Amino acid sequence: MTTRTSTALPTFDHRPGAGPTLVFLHYWGGSARTWAPVIERFEARSTLAIEARGWGRSRDLAGPYTLEQMARDVRDVVRHAGVPEYVLVGHSMGGKVAQLVGAARPDGLAGLVLVAPGPAEPAAVVTPEYQQQLAHAYDSADSVSGVRDHVLTAAPLSDAMKQWVVADSLGGCTAARAEWPLHGIAQDITAEARRIEAPVLVVAGEHDRVEPVGVLRRNLLPCLAHAELTVIPGAGHLIPLEAPEDLARAIASFAPSAP
C-alpha cells in the first residue's frame, strides 16, 4: 500500500493489483480507513481510497469543499495515480460525489457502486430545519456517539470501529463539516445523474434510517439509465463497517477483476 500526499490533492492510499481499480470515496464524517474492512477482502485487487478534501489527512487542504470540488479531486487523483480503468465505490456523501464524476463521463470509468448514497433528488425530509440539526451532529464526541448508535447503525460495531467513527467525524475542518449538511445534502443533481452512461450498482441497507431503501427507489433509481439495486440484510447506513463481507461480495459480483 502506497500513501501519497500533496499540497494540492487529497491524500490517498493506493495498492496495485488486478484491475479495474476500485476507487473508494467515504461518507460525511468518514475517512479512507472507513473502507479498510472492505479493502482487506480484495487481497489481489487494485484499490485506491481517497481521504476527501477537508477530512482526516486532507484536513489542511484549502476549500471549497463542495460536491463539485470533490468530484474534480477524484478525477485528478485518478489521473495522478496513473489508474487506467476503475470502478468508483462511493458511500453516502461519497456516493453523491461519485454521481457527479459519472456524469462527466471520464475516460477509464467502468462503473459506479453507490453505497447508501445521497440521492440525486434530495429526500423530502431534507428541510432547512433538518439541515440545521444535522450540522450539529458532530459537535462533540458525545453527539457523534449518539448519532452513531441511534441513527447511523443497525448492526453492532467493534470497539475499534466505534472509536474510528468518533475520531473521523471530529477530524474534519470546520468548513468541510458544515458544507454537506448546509449545502451538499440539499443539492439537486438529477440532471447530472441522468447523464451517467456507466453501469451502476446501488447498495442499500435494509434498516438504513439516513437513506432508506424507499428513498433510493424514488429519488435515485429513476435518474439512472443502467442501474440495479441490492439490499444488505440487517445493515444500517454504515454498511462498509456493519457488513463489509456482504458489501465486498456485492462489489466483486458487479465489478469482477479482469482475468
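Residues numbered from 1 in each chain as written. Predicted model: local features only at pLDDT ≥ 70, side-chain atom pairs only at ≥ 80, totals over all residues. Heavy atoms only, no water.

Caption draft 1: Focus on the layout of surface pockets. When its volume is computed, the largest pocket comes out at roughly 350 Å³. Taken together, 19 residues form the lining of the largest pocket, with Tyr130, Leu134, Val147, Val151 and Val210 sitting closest to its centre. When residues of the lining of the largest pocket are traced back to their parent elements, those giving at least two are helix H4 (128–134) and helix H5 (141–152). Looking at the lining of the largest pocket residue by residue, the class counts come to 14 nonpolar, 3 polar and 2 charged. (1 Å grid on protein atoms, 1.4 Å probe; cavity = no way out; pocket = protein on both sides within 12 Å on 5 of 7 lines; lining within 4 Å. Points joined across faces, edges and corners; volume = space filled by probe spheres on them. Helix = DSSP H or I, 4+ residues; strand = E, 2+ residues; numbered from the N terminus. Nonpolar A, V, L, I, M, F, W, Y, C, P; charged D, E, K, R; others polar.)

Caption draft 2: Inspection of the pairing of strand E8 (residues 227–232) at higher detail. By the bridge criterion, 6 bridges tie strand E7 (residues 200–205) to E8 in an arrangement that is parallel. Counterpart to Val203 in the pairing with E8 is Thr230. At this point the chain moves from E7, through helix H9 (residues 213–219), to the parallel E8, and the crossover so formed is right-handed. (Pairing = 2+ DSSP bridges. Right-handed = clockwise from strand over helix to strand, strands pointing away.)

Caption draft 3: A look at unusual backbone geometry. Across the junction of Gly19 and Pro20, the peptide omega takes the value -5 degrees, indicating a cis bond. Looking at the secondary structure, you find Pro20 in strand E3 (residues 18–25). Here the residue pair Gly63 and Pro64 is connected by a cis peptide bond, since its omega of 10 degrees sits within 30 degrees of zero. Topologically, Pro64 is positioned in the loop between strand E4 (45–50) and helix H2 (67–81). Unusually for a residue other than glycine, Arg105 sits at a positive phi of about 50 degrees. Relative to the helices and strands, Arg105 is located in the loop between helix H3 (93–103) and strand E6 (109–115). On the accessibility criterion, Arg105 (42% relative accessible area) is partly exposed. (Buried < 20%, exposed > 50% of the residue type's maximum accessible area, 1.4 Å probe, protein only.)

Caption draft 4: Seen up close, the side chain of Thr21. The residue Thr21 is located in strand E3 in this model. According to the relative accessible area criterion, Thr21 is buried, its value standing at 5%. In this structure, Thr21 is in contact with Ser46, Thr47, Leu48, Val83, Glu85, Tyr86 and Val87, ignoring residues within four places of it in sequence. (Contact = heavy atoms within 4.5 Å.)

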